[in-house]
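Below, each chain spelled out in residue letters.
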Amino acid sequence: MDSARIQAMIENGLPGAQVEVDGADGVHFEATVVASQFAGKLPLARHRLVYATLGDLMGGAIHALALKTLTPEEAAARH
C-alpha cells in the first residue's frame, strides 16, 4: 500500500476533497482531508466518511490511519 493510492481512493470517494497522505513505512499513514462534505458533522462521522472510501483496506493493508478532517472554512481559518 502506498500514500498515492490511498490519496486517490479518498479523492474518488469524496469528490472535490483536498487530500494529503503520508506514510513512509507502507502500513501506518497520516492523512489530512479537507472536504465540504464534513460541514455540520462531528469528528467521528467525518472519519467514517473517509474510512468508507477505503473499504476493506482499513485494518488490512492499512494498519493505521491518523486523520485530520476539516471543512474548507476550518482549513482557511488555520492559515
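Please read all numbers here as calculations on a predicted model, not as lab measurements.

A. Structural context of the nonpolar core. Among the nonpolar cores identified, the biggest contains 17 residues, and I6, I10, L14, V33, V50, I62 and L65 are the most heavily contacted of them. Put simply, the parts of the chain that give this core at least two residues each are α1 (3–13), β1 (18–22), β2 (28–34), α2 (43–54) and β3 (64–70). With three residues, the top contributor of residues to this core is β2. If near-sequence neighbours (up to four positions away) are discounted, L14 is found in contact with V33, Q37, F38, L49, V50 and T53.

B. The arrangement of the layout of surface pockets in detail. Size it by volume and the largest pocket reaches roughly 300 Å³. Lining of the largest pocket is provided by 15 residues; of these, E20, T32, V34, K68 and L70 occupy positions nearest its centre. Sorting the residues of the lining of the largest pocket by element identifies β1, β2, β3 and α3 (72–78) as the ones contributing at least two each.

C. Representation of the packing of α1 against α2 in the model. The contact between α1 and α2 brings their axes to 8 Å, and the two run at 115 degrees. If you check the angle between α1 and α2, you find them roughly perpendicular. Helix-helix and strand crossings are classified by hand; for α1 and α2 the assignment is right-handed. Taken together, the residues of α2 that come into contact with α1 (itself represented by I6, M9, I10 and G13) are V50, T53 and L54. For the contact of α1 with α2, the class distribution of residues is five nonpolar, two polar and no charged.

D. Region of the structure containing α1. If you check which residues of α1 are buried, you get S3, I6 and I10. Summarising the axial view, the buried residues of α1 lie within an arc of 65 degrees, below the 170-degree limit, and thus occupy one face. In α1, the exposed residues that point more than 90 degrees away from the buried face are A4 and N12. In this structure, the buried residues of α1 make contact with β1, β2 and α2. A side-chain oxygen of the first residue of α1 lies 3.0 Å from the backbone nitrogen of A4; this N-cap is D2.

E. Local environment of α2. Helix length check: α2 (12 residues) gives 17 Å between terminal C-alpha atoms against 16 Å at 1.5 Å per residue, within 8%. Buried within α2 we find R46, V50, T53 and L54. The buried side chains of α2 occupy one side of the element, clustering within an arc of 105 degrees when seen end-on. The exposed set on the far side of α2, more than 90 degrees from its buried face, consists of L44, R48 and A52.

Parameters and conventions
Residue numbers run consecutively from 1 along every chain, following the written order of its sequence. For a predicted model such as this one, the threshold for reporting local features is a pLDDT of at least 70, and the threshold for listing and counting side-chain atom pairs is 80 or more; totals across whole chains, interfaces and linings nevertheless cover every residue. Hydrogens and water molecules were not included; the side-chain quantities draw on all heavy atoms of the structure. By nonpolar core we mean a set of buried residues, namely Ala, Val, Leu, Ile, Met, Phe, Trp, Tyr and Cys, connected to one another through side-chain atoms within 4.5 Å. Summary of the burial criterion: residues with accessible area below 20% of their type's maximum are buried, those above 50% are exposed, and those between are partly exposed, where the area comes from a 1.4 Å probe applied to protein chains only. Helix and strand definitions follow DSSP, with helices as H or I runs of at least four residues and strands as E runs of at least two, each counted in order from the N terminus. Any pair of residues with heavy atoms lying within 4.5 Å of one another is described as a contacting pair. Here a cavity denotes grid points, spaced 1 Å and computed from the protein atoms alone, that fit a 1.4 Å probe unable to get out, and a pocket denotes an open set having protein on both sides within 12 Å along at least 5 of 7 lines; residues with an atom within 4 Å of a point are the lining. Grid points are joined across faces, edges and corners, and a volume is the space filled by probe spheres set on the points. The convention used is that axes are lines fitted to C-alpha atoms, helices contributing only their stretch in contact, and that angles between N-to-C directions extend from 0 to 180 degrees. Each angle is binned into one of four classes, with values under 35 degrees roughly parallel, values over 145 roughly antiparallel, values of 65 to 115 roughly perpendicular, and all other values oblique. Put simply, a crossing is left-handed when the front helix is turned counterclockwise from the back one by less than a right angle, and right-handed when it is turned clockwise. For this classification, the nonpolar set comprises Ala, Val, Leu, Ile, Met, Phe, Trp, Tyr, Cys and Pro, the charged set comprises Asp, Glu, Lys and Arg, and every other residue, Gly included, is treated as polar. In this description, one arc is meant: the one made by directions from the helix axis to the C-beta atoms. Polar contacts here mean pairs of N or O atoms no more than 3.5 Å apart (in protein, one a potential hydrogen donor and the other a potential acceptor; neighbouring residues in sequence count only if both atoms are side-chain atoms). By this rule, a helix spans an expected 1.5 Å times one less than how many residues it contains.

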